[in-house]
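Survey of secondary and tertiary structure
Single-letter residue listing:
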Amino acid sequence: MHPMQQAFIDADAFQCGYCTPGQIMSAIALLEEDHAHSREEIREFMSGNLCRCGAYNGIVEAIEHVIAQQDQDSKGEAA
Ligand code: FES
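Cut-offs and rules
Residues numbered from 1 in each chain as written. Predicted model: local features only at pLDDT ≥ 70, side-chain atom pairs only at ≥ 80, totals over all residues. Heavy atoms only, no water. Helix = DSSP H or I, 4+ residues; strand = E, 2+ residues; numbered from the N terminus. Polar contact = N/O pair within 3.5 Å; in protein donor to acceptor, adjacent residues only side chain to side chain. Buried < 20%, exposed > 50% of the residue type's maximum accessible area, 1.4 Å probe, protein only. Axes fitted to C-alpha atoms, helices over the stretch in contact; angles between N-to-C directions. Parallel < 35°, antiparallel > 145°, perpendicular 65-115°, else oblique. Left-handed = near helix turned anticlockwise from the far one by under 90°. Contact = heavy atoms within 4.5 Å. Nonpolar A, V, L, I, M, F, W, Y, C, P; charged D, E, K, R; others polar.

By the secondary structure assignment, Gln15 is in the loop between α1 (3-10) and α2 (19-32). The spacing of Gln15 and Cys51 is 36 residues in sequence and 9.2 Å in space, taken between C-alpha atoms. Within the structure, Gln15 has its side chain in polar contact with the side chain of Gln23 (distance 2.8 Å).

This is how it looks when you write it as structure tokens:
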């Protein structure tokens with residue numbers, strides 16, 4: 001399982017079966033394209049995945065969790 005999938009589970013960040021895969025793919029792209037420097041930047045980048053339902057706080061929380069994990073992993077590799 002990708003760390004972002006696990007983070008979505010942990011943050012209860014699920015939307016419907018159509019939206020959730022798109023949110024997860026966008027979240028991974030956000031990290032790979034280095035757009036996650038602030039909560040506002042995360043919200044702006046993810047704003048293309050909108051619907052009437054809303055787990056948006058959980059989604060941002062999941063993304064921030066993966067960013068924190070990656071930061072911690074990179075610090076461990078540098079030491
Ligand atoms: S969560 Fe998919 S349409 Fe709202």
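All right, on to unusual backbone geometry then. Of note, Asp12 is a non-glycine position whose phi angle comes to about 50°, a positive value. Topologically, Asp12 is positioned in the loop between α1 and α2. Overall, the relative accessible area of 62% leaves Asp12 in the exposed class. Positive phi is not limited to glycine here, since Asp34 has a value of about 60°. Turning to its location among the elements, Asp34 is positioned in the loop between α2 and α3 (39-46).

Turning our attention to the environment of His2. By the secondary structure assignment, His2 is in the segment before α1. Residues His2 and Ile24, spaced 22 residues apart in sequence, show a C-alpha to C-alpha distance of 9.6 Å.

Running from N to C, α3 and helix α4 (residues 56-78) point in directions that differ by 120°, and their axes come no closer than 10 Å. The angle between the axes of α3 and α4 places the two elements in the oblique class. In this structure, the crossing between α3 and α4 has a hand that is right-handed. Mapping the contact onto sequence places Arg39, Ile42, Arg43 and Met46 in α3 and Asn57, Ile59, Val60, Ile63, Glu64 and Ile67 in α4. Of the residues contributing to the contact of α3 with α4, the split by class is six nonpolar, one polar and three charged.

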